[in-house]
Amino acid sequence: MSTNDTYLAVFLGSKESAKMAAWNALPEAERKAKEKEGMAAWHAWVQKHQGAIQAMGGPLGKTKKVDTKGVADIANEMGAFTVVRAASHEAAAKMFENHPHFAIFPGERVEIMPVLPIPGG
């Protein structure tokens, strides 16, 4: 595989989503049980795809924005990321079907994009 076979998966979800509100409304014991189930499923996903995973990045912390006005605190939907190698964009995306991030946890989606080589690099 070349560097064109590298993909960035970004785990996204809104703190204001209906899914997060439902998660937060669960009784504590039920939420803790779902967290345990979700972590076990996430670890199983990592084991299944360990040969393709190049980097695990997450959870992500608070966001700072830098622009012409300076530095400011902001919020976004990014929660974590993973870098994987795959034969195609489609194959990389299929790795994340039914991922615990949204199948068990209140995450909303995983977006997968190719990591393109730096021109002239």
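Everything below is about the structure printed above this text.
Note that this is a predicted model, so its numbers are computed, not measured.

K.L.:
When you look at the pattern of salt bridges in this model, what are you seeing that I'm missing?
P.N.:
Once their charged atoms are close, side chains differing in charge can pair, the charge on each being opposite to the other. Taken as a whole and assessed by the stated rule, the structure comprises eight salt bridges. A salt bridge links Lys64 to Asp73; the shortest N-O distance between them is 2.6 Å. Owing to a relative accessible area of 56%, Lys64 belongs among the exposed residues under this scheme. With relative accessibility at 60%, the residue Asp73 sits in the exposed group. Note that Arg109 and Glu108 form a salt bridge whose closest N and O atoms lie 3.8 Å from each other. By relative accessible area, Arg109 is classed as partly exposed at 29%. We classify Glu108 as partly exposed; its relative accessible area is 31%. A cluster of three or more residues bridged by salt bridges with shared partners is formed by Glu77, Glu108, Arg109 and Glu111.

K.L.:
Please clarify how unusual backbone geometry should be interpreted in this entry.
P.N.:
Both trends apply: most residues other than glycine have a negative phi, and most peptide bonds are in trans. Positioned with a positive phi, Asn98 is a non-glycine residue whose angle comes to about 55°. If you trace the backbone, Asn98 turns up in the loop between α3 (89-94) and α4 (100-103).

K.L.:
I keep staring at the environment of Trp45 and nothing clicks. Help me out?
P.N.:
Within the secondary structure, Trp45 is located in helix α2 (residues 28-48). Sequence-wise, Trp45 and Pro100 are 55 residues apart; in three dimensions their C-alpha atoms are separated by 8.2 Å.

K.L.:
Would you take a moment to explain the environment of Ala93 for this structure?
P.N.:
The residue Ala93 is located in helix α3 in this model. Taking the relative accessible area as the measure of exposure, Ala93 reaches 29% and is therefore partly exposed. Expressed as a C-alpha distance, the spacing of Ala93 and Val66, which sit 27 residues apart in the sequence, is 31 Å.

K.L.:
Just to check I follow, could you spell out the packing of aromatic side chains for this structure?
P.N.:
Centre-to-centre distance and the angle between the planes together describe a pair of aromatic rings. Tallied over the entire structure, the rule returns five aromatic pairs. Measuring from centroid to centroid gives 6.0 Å for Phe11 and Phe96, while their planes differ by 70°, and the two rings are edge-to-face. With Phe11 in strand β1 (residues 6-12) and Phe96 in the loop between α3 and α4, this pair connects stretches of sequence that are 85 residues apart. The exposure class assigned to Phe11 is buried, which follows from its relative accessible area of 1%. The buried category is assigned to Phe96, whose relative accessible area is 3%. Following the ring pairs from residue to residue traces out a cluster consisting of Phe11, Trp23, Trp42, Trp45, Phe96 and Phe105.

K.L.:
Would you mind showing me how to read α2 here?
P.N.:
Residues spaced three or four apart along an α-helix point in a common direction, a consequence of the helix completing one turn every 3.6 residues. Its 21 residues give α2 an end-to-end C-alpha distance of 30 Å, which sits within 8% of 30 Å, the value for a rise of 1.5 Å per residue. Within α2, the full set of buried residues consists of Arg31, Gly38, Trp42 and Trp45. The buried residues of α2 occupy one face: seen down the axis, they fall within an arc of 55°. Exposed side of α2, more than 90 degrees from the buried face: Ala29, Lys36, His43 and Gln47 are the residues found there. Here the buried face of α2 lies against β1, α1 (18-25), β2 (53-57), β5 (78-85) and α4.

Cut-offs applied
Residues numbered from 1 in each chain as written. Predicted model: local features only at pLDDT ≥ 70, side-chain atom pairs only at ≥ 80, totals over all residues. Heavy atoms only, no water. Salt bridge = Lys/Arg side-chain N within 4 Å of Asp/Glu carboxyl O. Buried < 20%, exposed > 50% of the residue type's maximum accessible area, 1.4 Å probe, protein only. Helix = DSSP H or I, 4+ residues; strand = E, 2+ residues; numbered from the N terminus. Phe/Tyr/Trp six-rings, centres within 6.5 Å; stacked < 30°, edge-to-face > 60°. Expected span 1.5 Å × (residues − 1). Arc of directions from axis to C-beta. Contact = heavy atoms within 4.5 Å.

None of the figures reported here should be taken as evidence of function without further support.
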